[in-house]
2 protein chains.
Amino acid sequence: MPAADATPRPCAIADALELIGERWSLLVVRELFWGNHRFSEIARRTGAPRDILSTRLRRLVDAGVLEKRPYSNHPPRAEYHLTPAGRSLAPVLMSIQEWALHHLEQPEAGVMRMAHGDHEIDPVSSFACRTCGKALPKA
Amino acid sequence: MPAADATPRPCAIADALELIGERWSLLVVRELFWGNHRFSEIARRTGAPRDILSTRLRRLVDAGVLEKRPYSNHPPRAEYHLTPAGRSLAPVLMSIQEWALHHLEQPEAGVMRMAHGDHEIDPVSSFACRTCGKALPKA
């Protein structure tokens, strides 16, 4: 249980992690970027347990990160799509990927690509300090 | 349980999330950036349950993200410090924070600042495509 004197820091990062700070949630978002929108495909390609996946999808829809779009009435079936807030998680996924490629040992890992017009994105991130204009050290 | 036909995508992001895809792990890293290096302070400021925190710290040390430095022999006590791999998680935390500030409702959230010479970092991230040179849409 939390320390008796726990006084968690008010923090935007902590607030975001309440929602996306669990690997299945971010892997769902990744899978939608890959173009898989249906429950069974998302379950298959993430490896997420189906009951946990249901809960995560519902929370992400409630939080406005995903939206559910019906594609069949008989039987009732829906697909999941990223909202603008969901698509805005691309930099989070990309910065995690950059970190992984530099700091984990995993020669066989797949690299996520997204379509960018007629080619695939080859993403490069940069962080700078608005105060002094200098670039921040990279991974 | 996972879908019977689960074939999880080989993915650097999934590999990273095995280690950091759990909010307490990233909150530990955040707390070290804030300059809190001792177990009791990390527990107090993250609100993490102490048993979970012990496990997370050990895994992060084993993975080379943190290192343990003794600061007392009687009784034996150690502090936790970020390794270069740990400091390289700054862009991950910053991109999560940027997303939170744009997409969550949380007027009272704290914003993480890091020292940058004589001032605090005011981080701004940008993502571009190496292939076409164009900036990617932002959060």
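Conventions and cut-offs
Residues numbered from 1 in each chain as written. Chains lettered and ligands numbered in written order. Predicted model: local features only at pLDDT ≥ 70, side-chain atom pairs only at ≥ 80, totals over all residues. Axes fitted to C-alpha atoms, helices over the stretch in contact; angles between N-to-C directions. Helix = DSSP H or I, 4+ residues; strand = E, 2+ residues; numbered from the N terminus. Parallel < 35°, antiparallel > 145°, perpendicular 65-115°, else oblique. Left-handed = near helix turned anticlockwise from the far one by under 90°. Contact = placed C-beta atoms within 7 Å. Nonpolar A, V, L, I, M, F, W, Y, C, P; charged D, E, K, R; others polar. Pairing = 2+ DSSP bridges. Domains from an automatic or database assignment. pLDDT = per-residue confidence, 0-100.

1. Focus on the packing of helix α1 (residues 12-20) of chain A against helix α2 (residues 23-33) of chain B
Contact pair α1 of chain A / α2 of chain B: the axes reach a minimum separation of 10 Å and the direction vectors enclose 170°. One finds that α1 of chain A runs roughly antiparallel with respect to α2 of chain B. For the pair α1 of chain A and α2 of chain B, the sense of crossing is right-handed. Residues I13, A14 and L17 of chain A of α1 of chain A pack against R23, L26, L27 and R30 of chain B of α2 of chain B. Looking at the contact of α1 of chain A with α2 of chain B residue by residue, the class counts come to five nonpolar, no polar and two charged.

2. What about the packing of α2 of chain B against helix α3 (residues 39-46) of chain B?
Residue and element names in this part refer to chain B. Two elements in contact, α2 and α3, have axes whose closest approach is 10 Å; the angle formed by their N-to-C orientations is 115°. Note on packing geometry: the crossing formed by α2 with α3 is right-handed. Counting all contacts with α2, which are made through W24, L27, V28 and E31, the residues of α3 involved are I42, R45 and T46. Among the residues making up the contact of α2 with α3, the classes are represented as four nonpolar, one polar and two charged.

3. Brief notes about unusual backbone geometry
At the junction of H74 of chain A and P75 of chain A, the peptide bond is cis and its omega measures out at -5° in the coordinates. Mapped onto the fold, P75 of chain A is located in the loop between β1 (66-72) and β2 (77-82).

4. Focus on the pairing of strand β1 (residues 66-72) of chain B
Residue and element names in this part refer to chain B. Note that β1 and strand β2 (residues 77-82) share six bridges and pair antiparallel. Among the inter-strand pairings, S72 is bridged to a residue of β2, identified as R77. Taken together, β1 and the strand that follows it, β2, pair antiparallel across an intervening segment of four residues.

5. With respect to the domain arrangement of chain A
Size of an interface, as often reported, equals the accessible area lost when the parts are brought together. Residue and element names in this part refer to chain A. In terms of domains, chain A is made up of domain 1 (1-88) and domain 2 (89-139). Listed per partner, the contact involves seven residues of domain 1 and five residues of domain 2. When residues of the side of domain 1 that touches domain 2 are traced back to their parent elements, those giving at least two are α2 (23-33) and α5 (84-87). The greatest single-element share of the side of domain 1 that touches domain 2, amounting to four residues, is contributed by α2. When the residues that make up the side of domain 1 that touches domain 2 are grouped by side-chain class, the tally is three nonpolar, two polar and two charged.

6. Brief notes about the confidence of the model for chain A
Residue and element names in this part refer to chain A. Here chain A averages 85 in pLDDT, while 79% of its residues score no lower than 70. Per-residue pLDDT, averaged within each element of chain A, yields its smallest value for strand β3 (residues 115-116) (64) and its largest for helix α4 (residues 50-62) (96). With a pTM of 0.82, the predicted complex shows an ipTM of 0.82.

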